[in-house]
Amino acid sequence: MRILTAKQIKKVEENAFNSGYSEAQLMKSAGTACFNRIIKLIGDLPKSSKIAVACGNGKNAGDGFVIANLLKNSGYVAEIILADKEPEITEPLQYYQEALANDVKCYNFIDVVLDHDVIIDCLFGIGFHGAPRPPFDSVFEMINNSNATVISIDTPSGTNATDGSVESAVRADYTIAVSTLKFAHVLPPSNEYCGKVSTVNIGIPEECYNGVGKSPFVQTITKTDVKSILPKRSKNSHKGSFGRQLNVCGSYLMPGAAVMCAQASLKSGVGLLKCAFPKSIYSVMTSHLVQPLFKPLCENEEKTLSMGALTDILEELKWADSVVIGCGLGNNDDVQVITDQVIKTSEKPIILDADGINAVAPFIDILRDKKAPIVVTPHPAEMARLIGESTQYVQQNRIETAKAFSSEYDVITVLKGANTVVTDGESVYVNVNGNPGMAMGGCGDMLSGMIGSLIAQGINAFDAAKCAVYIHGFCGDVAASELSQRGMTVNDMISVLGAVMSDFE
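Rules used throughout
- Going along each chain's sequence as written, the residues are numbered from 1 onward.
- Local features in a predicted model are, by the rule used here, given only for residues with pLDDT of at least 70; side-chain atom pairs are given and counted only at 80 or more, and totals for whole chains, interfaces and linings are based on all residues.
- Based on all heavy atoms of the structure, the side-chain values leave hydrogens and waters out of the count.
- Throughout, exposure labels follow a simple rule: accessible area from a 1.4 Å probe, protein chains only, divided by the maximum for the residue type, with under 20% read as buried, over 50% as exposed, and the rest as partly exposed.
- Numbering of helices and strands runs from the N terminus; a helix is a DSSP stretch of H or I covering at least four residues, while a strand is a stretch of E covering at least two.
- Strand pairing is assigned whenever DSSP identifies at least 2 bridges connecting the two strands.
- With a 1 Å grid laid over protein atoms only, a set of points is called a cavity when a 1.4 Å probe fits there but cannot get out and a pocket when it is open yet has protein on both sides within 12 Å along at least five of seven lines; lining residues have an atom within 4 Å of a point.
- Grid points are joined across faces, edges and corners, and a volume is the space filled by probe spheres set on the points.
- Note on residue classes: Ala, Val, Leu, Ile, Met, Phe, Trp, Tyr, Cys and Pro are nonpolar, Asp, Glu, Lys and Arg are charged, and everything else, Gly too, is polar.
- Two rings belonging to Phe, Tyr or Trp (six-membered ring only in the last case) form a pair when the distance between their centres is within 6.5 Å. Interplanar angles under 30 degrees mark stacking, angles over 60 mark edge-to-face geometry, and anything in between is tilted.
- Here the axes come from fitting lines to C-alpha atoms, over the contacting stretch only for helices, and the angles between their N-to-C directions go from 0 to 180 degrees.
- Only heavy atoms matter for contacts: two residues are in contact if any of them lie within 4.5 Å across the pair.
- Whenever a carboxyl oxygen of Asp or Glu lies within 4 Å of a side-chain nitrogen of Lys or Arg, that contact is scored as a salt bridge.

A.B. asks: I keep staring at the pairing of strand E5 (residues 118–122) and nothing clicks. Help me out?
C.D. replies: Along any regular strand, the residues point their side chains to alternate faces of the sheet. Among the five residues that make up E5, five are buried, leaving the element largely enclosed by the rest of the structure. Neither face of E5 is exposed, since Val118, Ile120 and Cys122 on one face and Ile119 and Asp121 on the opposite face are all buried. For strand E2 (residues 50–55) and E5, the ladder comprises five bridges, and the chain directions are parallel. Across the sheet, Ile51 pairs through a bridge with Val118, a residue of E5. In this sheet, strand E6 (residues 149–153) lies alongside E5 in parallel orientation, the contact comprising four bridges. Within E6, the position partnered with Val118 by the bridge is Thr149.

A.B. asks: Sorry, what's going on with empty space enclosed by the protein here?
C.D. replies: The method is simple in principle: a probe with the dimensions of a water molecule rolls over the atoms, and the space it marks as empty is what remains. Under the criterion given, the structure shown has one cavity of 30 Å³ or more. Put simply, the largest cavity is a space of about 40 Å³. In this structure, the largest cavity is lined by Ala54, Ile81, Phe109, Leu114, Ile119, Val139, Met142 and Ile143. Here the lining of the largest cavity gets three residues from one element, more than from any other, and that element is helix H5 (residues 136–145). A breakdown of the residues in the lining of the largest cavity according to their chemical character gives eight nonpolar, no polar and no charged.

A.B. asks: Just checking my understanding: could you explain the packing of aromatic side chains for this structure?
C.D. replies: Aromatic ring pairs are reported here in terms of the distance separating the ring centres and the angle at which the planes meet. The tally for this structure, following the rule as stated, stands at 12 aromatic pairs. Residues Tyr282 and Phe294 carry aromatic rings whose centres are separated by 6.3 Å and whose planes lie at 70° to one another, so their mutual orientation is edge-to-face. Of this pair, Tyr282 sits in helix H8 (residues 282–288) while Phe294 sits in strand E13 (residues 293–297), and the two are 12 residues apart along the sequence. With relative accessibility at 25%, the residue Phe294 sits in the partly exposed group. Seen in terms of ring centroids, Tyr470 and Phe474 are 6.3 Å apart; in terms of plane orientation they differ by 70°. Their pairing is edge-to-face. With Tyr470 and Phe474 both in helix H16 (residues 461–482) and four residues apart, the pair spans about one turn of that helix.

A.B. asks: What is the right way to read the sheet that holds E6 from this model?
C.D. replies: To summarise the sheet geometry, strands pair through backbone hydrogen bonds and adopt either a parallel or an antiparallel arrangement. Spatial strand order, E4-E3-E2-E5-E6-E7-E9: seven strands in an open sheet with parallel pairing. Taken across any chain shown, the strands that pair with only one partner, and hence form the sheet edges, are strand E4 (105–108) and strand E9 (196–200). In this sheet, adjacent strand axes meet at a mean angle of 25° when their direction is disregarded. Across the face of the sheet, helix H2 (residues 23–42) comes into contact with E2, E5, E6, strand E7 (174–178) and E9 while running at roughly 155° to E7.

A.B. asks: Can you help me understand the sheet that holds strand E16 (residues 374–376) in this one?
C.D. replies: An order of E8-E1-E10-E19-E18-E17-E16-E15-E14-E11-E12-E13 is seen for the 12 strands of this open sheet, with the pairing classed as mixed. Looking at the sheet topology across the chains shown, the edges are occupied by strand E8 (181–182) and E13. One ladder, built from two bridges, connects strand E10 (residues 218–220) with strand E19 (residues 428–430); its direction is parallel. Residue pairing in the sheet places Thr220 in a bridge with Val430 of E19. Here helix H1 (residues 6–18) sits on the sheet in contact with strand E1 (2–4) and E8, set at roughly 105° to E1.

A.B. asks: What should I look at first to understand the pattern of salt bridges in this one?
C.D. replies: For side chains of opposite charge, pairing can occur when their charged atoms come near one another. Counted according to the given criterion, the structure contains 19 salt bridges. Notably, a salt bridge pairs Asp503 with Lys223, separated by 3.4 Å at the nearest N-O pair. Residue Asp503 is located in the segment after helix H17 (490–500), and its partner Lys223 is located in helix H6 (residues 223–229); the two are separated by 280 residues in the primary sequence. Residue class for Asp503 comes out partly exposed when judged on its relative accessible area of 30%. One connected set of salt bridges, linked through shared partners, spans Arg244, Asp321 and Lys348.

A.B. asks: Sorry if this is basic, but what is going on with the layout of surface pockets here?
C.D. replies: Size it by volume and the largest pocket reaches roughly 1600 Å³. Every residue lining the largest pocket is counted, 48 residues in all, and those nearest its centre are Ala418, Asn419, Asn433, Gly434 and Asn435. Those elements that provide at least two residues to the lining of the largest pocket are E9, helix H15 (443–456) and H16. A per-class count over the lining of the largest pocket returns 18 nonpolar, 22 polar and eight charged. Looking at the second largest pocket, its volume works out to about 520 Å³. When contributions to the lining of the second largest pocket are tallied by element, the ones reaching two or more residues are H1, H2 and helix H3 (59–73). Taken together, the residues of the lining of the second largest pocket break down into 10 nonpolar, five polar and seven charged.

This is how it looks when you write it as structure tokens:
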């Protein structure tokens with residue numbers, strides 16, 4: 001699904017108007033589509049429950065007046081709460097008057113107590129930016145201090161649809177995006193205000209999106225995308241059919257990272273996996289893994305891989321179809337040299353994670369010396385170190401940062417975190433599944449193993465990254481639903497990975 005800026009969606013609507021649609025038609029269609037979704041969201045709420053439709057005096061209010069009227073027609077106790085003055089724009093005024101004629105009660109916010117069961121936020125639309133002026137700041141506060149279920153239409157009022165910035169905003173339990181997602185739904189901090197996001201189609205023709213913007217639209221990763229990318233397995237397959245993956249991971253202090261990466265590789269379907277690691281963690285590796293080939297190697301006094309292991313690792317690169325390097329590897333001169341040489345030598349795609357990223361950060365231009373595609377999987381703090389900026393800067397500019405880094409170094413970037421960004425420098429995808437329970441050590445190791453596995457199976461690096469990120473988030477959602485966000489672990493995610501893969505076969 002496309003993700004559009006406010007300017008882009010306005011251009012789409014302008015194209016629709018030029019195609020014969022009127023403002024009033026689209027407003028009625030939007031309000032009706034949102035009403036239908038609201039009915040699904042409120043479920044078995046008794047008809048006697050109180051529903052407030054909070055409206056400003058702009059075009060977004062028009063959707064709200066349509067919604068209030070339809071709620072009244074369906075037997076709900078719906079009331080319009082005006083946050084400011086009555087509407088003056090022609091189309092919202094039309095639907096406001098229709099609601100009043102249908103005996104929908106209307107109040108000014110200063111005259112009511114928000115003791116409603118549901119509040120529908122139609123105060124501002126996608127044109128909002130900056131800080132709310134009075135009285136809207138007080139209305140935001142009243143809504144956020146209520147005990148109601150809050151449903152925002154298009155974007156939560158107070159959020160910037162284009163860049164995700166927020167000074168003060170409504171905190172929604174649900175947000176119904178009109179026509180397509182906006183960047184407010186996927187970028188921090190505004191994504192924190194959206195609650196659960198869904199999208200409704202209001203009938204704008206597909207051709208109205210043509211010629212909007214100079215570059216490809218940012219897209220979400222969908223289940224359909226993943227199913228179309230993952231190849232079917234031949235009846236006559238053998239273990240060599242599904243690739244050979246080399247994981248150069250682990251150290252004495254972080255053996256679990258190597259274990260989780262390997263388990264995820266196997267559960268994602270790689271045919272043969274070889275784990276190269278410092279010899280001191282041999283017992284940990286073999287006590288948790290039985291399927292891979294093992295390559296215990298010489299280590300230094302810090303019990304990370306030493307430069308003496310380099311010859312063996314470079315020889316193994318000839319065997320592999322994909323290479324994961326960095327998970328739990330530690331960071332010292334030896335690790336830096338090994339990572340450097342793997343990047344310069346490998347003729348098969350590399351997944352560079354964790355300490356692999358830390359190893360190249362001081363010598364970032366080494367990425368230009370690669371012989372094969374590289375997938376870099378930083379979290380925001382790691383990305384900040386790579387580009388010499390603050391973590392806050394990265395979070396405020398997630399898409400731009402990831403896209404620029406990919407373009408500069410000709411790599412595929414997977415910028416992790418809520419709504420992970422995947423880009424090759426031109427196309428950009430944002431993942432919208434997953435949950436806060438995944439914010440724990442080891443999740444990235446699992447993801448790297450999955451990306452490496454899919455590449456080894458013959459999927460190109462960009463598509464493999466997209467698929468792995470989506471399936472990874474899917475596993476997180478399954479684990480959270482079966483356990484809880486607080487109680488789930490990476491092992492729980494890995495344990496459901498094999499079964500989850502059946503959804504894509």
